[in-house]
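Read off the chains here:
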Amino acid sequence: QVQLVESGGGLVQPGGSLRLSCAASGSIFKIYAMAWYRQAPGEQRELVAHITSGGSTNYADSVKGRFTISRDNAKNTVYLQMNSLKPEDTAVYYCAAVIRGARSSTDTNYWGQGTQVTVSS
């Protein structure tokens, strides 16, 4: 069984920084793409940042230049460094990953449970 567990959310003032982590655990053969999404109250879930297994990245226009996604393949972990945070960044942040289980012949999309990020003075 594969699990994704996020950490690092919290309350921060506008202009501040947070670093989110998401660790995959379980019986894993390979992790392909990893990503961060967010969902604000009353809004649809949106893609924030995406990173391929080779390290190529892309970002939502709203976070370009402020957020950085990275991954540590040895630790099966993806990070989201968030700088210059704005109140509109307030949301529940979810990590997602495409993973091939050790005893599987197919790739599956997995989601974490979400971590709250609140940007407020």
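What you see is a predicted model; the values in this text were computed from it and never measured.

Definitions and cut-offs
Residues numbered from 1 in each chain as written. Predicted model: local features only at pLDDT ≥ 70, side-chain atom pairs only at ≥ 80, totals over all residues. Heavy atoms only, no water. Helix = DSSP H or I, 4+ residues; strand = E, 2+ residues; numbered from the N terminus. Rg over C-alpha atoms; globule rule 2.2 N^0.38 Å. Buried < 20%, exposed > 50% of the residue type's maximum accessible area, 1.4 Å probe, protein only. Phe/Tyr/Trp six-rings, centres within 6.5 Å; stacked < 30°, edge-to-face > 60°. Lys NZ or Arg CZ within 6 Å of the ring centre and 35° of its normal. Pairing = 2+ DSSP bridges. Axes fitted to C-alpha atoms, helices over the stretch in contact; angles between N-to-C directions. Disulfide = S-S within 2.5 Å.

Engineer: Summarise the overall build of the protein; cite the residues concerned and give the values.
Structural biologist: In terms of helices and strands, the protein carries zero helices and 11 strands. Along the chain direction, N to C, the helices and strands of the protein fall in the order β-β-β-β-β-β-β-β-β-β-β. Over its C-alpha atoms the protein spans a radius of gyration of 14 Å, differing by no more than 12% from the 14 Å that the globule rule assigns to 121 residues. The principal-axis extent of the C-alpha atoms belonging to the protein is close to 50 × 25 × 25 Å. Within the protein, buried positions represent 36% of all 121 residues.

Engineer: Got a sec to walk through the packing of aromatic side chains? Specific residues and values, please.
Structural biologist: For the structure shown, the criterion picks out one aromatic pair. Seen from the ring of tyrosine 94, arginine 45 lies directly overhead, with NZ or CZ sitting 3.8 Å from the centre. If you follow arginine 45 out to its NZ or CZ, it ends over the ring of tryptophan 111, 4.8 Å from the centre.

Engineer: Explain the sheet that holds strand β8 (residues 77-82) residue by residue, including any values.
Structural biologist: Strand-to-strand pairing in sheets goes through backbone hydrogen bonds, with the strands running parallel or antiparallel. The antiparallel open sheet is built from four strands, whose spatial order is β1-β3-β8-β7. Unpaired on one side and paired on the other, β1 (3-7) and β7 (67-72) mark the two borders of the sheet. Neighbour to neighbour, the strand axes of the sheet diverge by 15 degrees on average, direction disregarded. Pairing of β1 with strand β3 (residues 18-25), which is carried by five bridges, proceeds in the antiparallel orientation. Across the sheet, residue glutamate 6 finds its bridge partner in β3, namely cysteine 22.

Engineer: An account of the state of the cysteines is needed here, citing residue identities and associated values.
Structural biologist: All told, the structure shown has one disulfide when counted by the stated rule. Between cysteine 22 and cysteine 95 runs a disulfide, and the two sulfur atoms are separated by 1.9 Å. Between cysteine 22 and cysteine 95, the S-S dihedral sits near 40 degrees, and the bridge is therefore right-handed. Linking cysteine 22 in strand β3 with cysteine 95 in strand β9 (residues 91-101), this pair joins segments that are 73 residues apart in sequence. Looking at cysteine 22, the relative accessible area reads 0%, which means it is buried.

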